[in-house]
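An overview of the molecular structure
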2 protein chains.
Amino acid sequence: MFTGLSAFPLTPMNEQGVQECEFIRLVKHLAAAGVDSIGVLGSTGNYAYLSVEERARVANLSVENAGGVPVVVGIGALRTRDVLANAECAQQAGASGVLLAPVSYQKLTDDEVYELYATVSRSLSVPLCVYDNPGTTHFDFSDELHGRIAQLPQVRSIKIPPVVNDIEKARERVARLRALIPSEVTIGISGDPAAATGLSAGCDAWYSVIGGLYPHTALALTRAAQAGDTQQVNALSSALEPLWALYREYGGSLRVAATIAEVTGKVSQPCLPQPLKALQGDDCKRVEQVVAQLDLA
Amino acid sequence: MFTGLSAFPLTPMNEQGVQECEFIRLVKHLAAAGVDSIGVLGSTGNYAYLSVEERARVANLSVENAGGVPVVVGIGALRTRDVLANAECAQQAGASGVLLAPVSYQKLTDDEVYELYATVSRSLSVPLCVYDNPGTTHFDFSDELHGRIAQLPQVRSIKIPPVVNDIEKARERVARLRALIPSEVTIGISGDPAAATGLSAGCDAWYSVIGGLYPHTALALTRAAQAGDTQQVNALSSALEPLWALYREYGGSLRVAATIAEVTGKVSQPCLPQPLKALQGDDCKRVEQVVAQLDLA
C-alpha cells in the first residue's frame, strides 16, 4: 500500500464545518483515476485543524467513497491521548493504514518522539507511515531515530521531506536511510517539486499534493518512474515547473493547492479554516495564469 | 492588570485528566502571595494540549480560587473558531483578561495573524495580551505588525520574547516597540532569565514561569525593579543563575518547572501530558541539586 502514488486530497471546509459533498467528489475522482492509495487528513487535508469527531467523520466518508482503493488516514495530534483516539476512529472507519507526524507545540525530544511511536504502534492493527515533515512539526528526525522507529511493530513506511535536486546526492540520501530500516519499510518522497528526483533516486512512493487534485498527471509521472524511464519522469516534472515556482513563492503547497481548487471550482470559497487563507488578489491571479498555462481544469 | 508580576502556574495533568486539587493549590498559593495577576493556561499551563471543555473548566477553577487576584486566561488555538470558543469560556468564567498567541501548524502570514487578532478582539469584552512566542508558535512578529495589532480594540499588552542580556540594547528594543504602540498598551518580558534586564529596560510586566511556583522570589525581583533598584534586581536574578542554566540546558522552562514541581511534591508524577516528559534520571538529579542549592522548597 505504501508504494506508487499516494494522493492527498484537501478537506474543503469553512467556519461552519467540512464541505462533505465536495470532499466526497475529490475522493471519488482519485479512486476513479486509479491512484495506489488515498492519503486523507494529511497536511493538505488540514488534519491539525479538525476535532477528533470531525476527523472520524472524514475517515468514514473516505473509506465509503474510495471504491476499494486503500485509504491512509492522518492521526497526528499534539497529545498522545488524541493520537490514540484518532487511530481508533481511523481503524473503525476501515482505513488501510495511518500516517503519524510528531506534531509539537513544545519542541519534542528524540526520546519523547520514540515513545509516541512506540505507544501508538502497540495499539494499531493496521500499518503506519512515519510522517517526517519538519516544516510543520518543527521536529528533525535523525536517521538513527528513523532506524529505531522503523523497527517498531506496524511501521511500514517513512514519508521523507524533499530530497535535494541532485540525483547522485538524492540516491545517497535514500540509500543511507534504507540501510537503517527493515526491508519491508518503504520510503516515500514528499514535496511535489522533489518527486521526480526522489522517485528516480529509489523512493518507493510519492506522497503527492498535486496528485490529490490531478491524479492522472501525478500517475503519469509515477508510472514512468516505476518503468525506469528517467527522461520521461524529468520531462513531466519540468512541464510542471510553473506550478513548482508557485509552491516556492507561497511557502509550500497548501495555499497553492487550495487556491487552484477554488479557482477551478472543485471546492467552494473559502476552503481553508481561519486563520488560514487561500491566495488573494494578484497572488490568486498568478495561480489562475498557471492553471491556464498548464491547462489544468 | 498587565503590569507587575504575572505568575504562570502549571496545569498538572496526566493521561486521565487535569489534577484539579493540585492546580487549585497552585492558584491559591499565588493569590496568597499577592502576585499582580495569575496567567493560567499559558505555555507553562499547557493550554495547547487541552480540549475546549478542559480549558473552560480550568478557567472556572482559576477564577474561583484566585481570591480576587485578576486571572488572565490563554485562549490560543490553531483555529480561529476554537480561539473564539476559548475566549467565550474565559469570559464566562470571569477572567479579567486573555492571552493570545498565533499558534500554527501551517506557517502563518502577517495578514492571517492580523486578521486573527482583529476577529478575536472584536468579540471580546475583556482586555487582551498579545503573546509573542516564536519558539512555540514559529511566527515572528515584526514591530510594524505589533504596532498595527496594538491599535485593535481590547489589546492592552504585548508579552515579548527574551531581550538580549545587554541593558542598553534591551532599552533600545523596548523603546522601539513602545514608539509604535498606544500608551495604554503595556510591554511584558518573558523568559525568566531575561526578566531582570527586561524590567530594568522599561518593561511594565514580567510574565513569569518561576513566579508560578515561587511567587515570593519573583515578587521580590519585580518590586525591586518597580522601585528602580537595579542593583538589587541584578543580585536577585544572579542568585537564580543555576536555575537559568537549567532552562538553557533543557530547551526552555517547561520541563524544568515541571520537574521542580514534581520533585518538591507540589504536583504528582507525571504532571505533563504525553508525549511530553519531565526530566528523568541524571537530568532530574541535576534539578534536585539546584532545588537544594537555592533552597527552593
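Parameters and conventions
- Residues numbered from 1 in each chain as written.
- Chains lettered and ligands numbered in written order.
- Predicted model: local features only at pLDDT ≥ 70, side-chain atom pairs only at ≥ 80, totals over all residues.
- Heavy atoms only, no water.
- Helix = DSSP H or I, 4+ residues; strand = E, 2+ residues; numbered from the N terminus.
- Buried < 20%, exposed > 50% of the residue type's maximum accessible area, 1.4 Å probe, protein only.
- Contact = heavy atoms within 4.5 Å.
- Areas by Shrake-Rupley, 256 points an atom, 1.4 Å probe, with all protein chains shown as cover.
- Lys, Arg positive; Asp, Glu negative; His and termini not counted.
- Charge placed at Lys NZ, Arg CZ, Asp CG, Glu CD.
- UniProt positions renumbered as here; feature names shortened; annotations may be inferred.
- 1 Å grid on protein atoms, 1.4 Å probe; cavity = no way out; pocket = protein on both sides within 12 Å on 5 of 7 lines; lining within 4 Å.
- Core = buried A, V, L, I, M, F, W, Y, C linked by side-chain atoms within 4.5 Å.
- Points joined across faces, edges and corners; volume = space filled by probe spheres on them.
- Nonpolar A, V, L, I, M, F, W, Y, C, P; charged D, E, K, R; others polar.
- Pairing = 2+ DSSP bridges.
- Axes fitted to C-alpha atoms, helices over the stretch in contact; angles between N-to-C directions.
- Buried area = accessible area lost by both parts, 1.4 Å probe.
- Salt bridge = Lys/Arg side-chain N within 4 Å of Asp/Glu carboxyl O.

**Topic: the overall build of chain A**
Within chain A one finds 13 helices and ten strands. Considering chain A as a whole, with its 297 residues, one finds that 61% of them fall into the buried category. Nonlocal contacts in chain A, meaning residues at least 24 apart in sequence, comprise 72% of its contacts between residues at least 6 apart. Here chain A displays about 10,900 Å² of accessible surface, and carbon together with sulfur accounts for 50% of that area. Charged side chains of chain A number 23 positive and 31 negative; the gap between the two group centres comes to 1 Å.

**Considering the environment of Thr197 of chain A**
Residue and element names in this part refer to chain A. Take Thr197: it is sitting in helix 8 (residues 195-200). Taking the C-alpha atoms as reference, Thr197 lies 9.5 Å from Glu168; in sequence the two are 29 residues apart. Residues within four places of Thr197 in sequence aside, it is in contact with Val163, Val164, Asn165, Asp166, Ile167 and Ala170.

**Examining the UniProt feature "active site" (unreviewed entry) in chain A**
Sequence positions flagged by UniProt for "active site" (unreviewed entry) are, in local numbering, Tyr131 and Lys159 of chain A. Separation in sequence by 29 residues is not matched in space for these annotated residues, since their most distant C-alpha atoms are only 5.0 Å apart. Checked against the lining of the largest pocket, the annotated residues reduce to Tyr131 and Lys159 of chain A. Relative to the helices and strands, Tyr131 of chain A resides in strand 7 (residues 128-131). If we ignore the near neighbours within four places in the chain, the residues touching Tyr131 of chain A are Ser43, Tyr47, Leu99, Leu100, Ala101, Pro102, Tyr117, Phe141 and Lys159 of chain A together with Tyr105 of chain B.

**Quick word on the nonpolar core**
Counting residues in each nonpolar core, the largest one holds 231 residues, and the members touching the most others are Ile149 of chain A together with Ile149 of chain B. Those residues in contact with Ile149 of chain B that sit more than four places away from it in its chain are Val113, Tyr114, Tyr117, Val130, Phe141 and Val155 of chain B.

**Some points on empty space enclosed by the protein**
Vacant regions in the atomic arrangement are exposed by a probe of water-molecule size rolled over the atoms. Under the defined criterion, the tally for this structure stands at four cavities of 30 Å³ or more. In this structure, the largest cavity spans a volume of roughly 80 Å³. Each residue belonging to the lining of the largest cavity can be placed in one class, and the counts come to six nonpolar, four polar and no charged.

**Some details on the sheet that holds strand 8 (residues 155-160) of chain A**
All names here are of chain A. The sheet built from eight strands closes into a barrel, its strands ordered 1-4-5-6-7-8-9-10 with parallel pairing. On average, each strand axis in the sheet is inclined to that of its neighbour by 25°, with strand direction left out of account. Bridge analysis of strand 8 against strand 9 (residues 186-189) gives four bridges, and the strand direction is parallel. When the bridges of strand 9 are listed, Lys159 appears paired with Gly188. On the sheet, helix 4 (residues 110-123) packs against strand 6 (97-100) and strand 7 and is oriented at approximately 165° with respect to strand 7.

**Regarding the interface of chain B and chain A**
Chain B puts 35 residues into the contact, and the matching count from chain A is 35 residues. Note on chain B versus chain A: buried area summed over both sides is about 3,300 Å², and carbon and sulfur give 48% of it. Broken down residue by residue, the surface that chain B buries against chain A is led by Arg79, Tyr105 and Gln106 of chain B, which jointly contribute 25%. One can count eight salt bridges joining chain B with chain A. With a closest N to O distance of 4.0 Å, Arg79 of chain A and Glu15 of chain B form a salt bridge.

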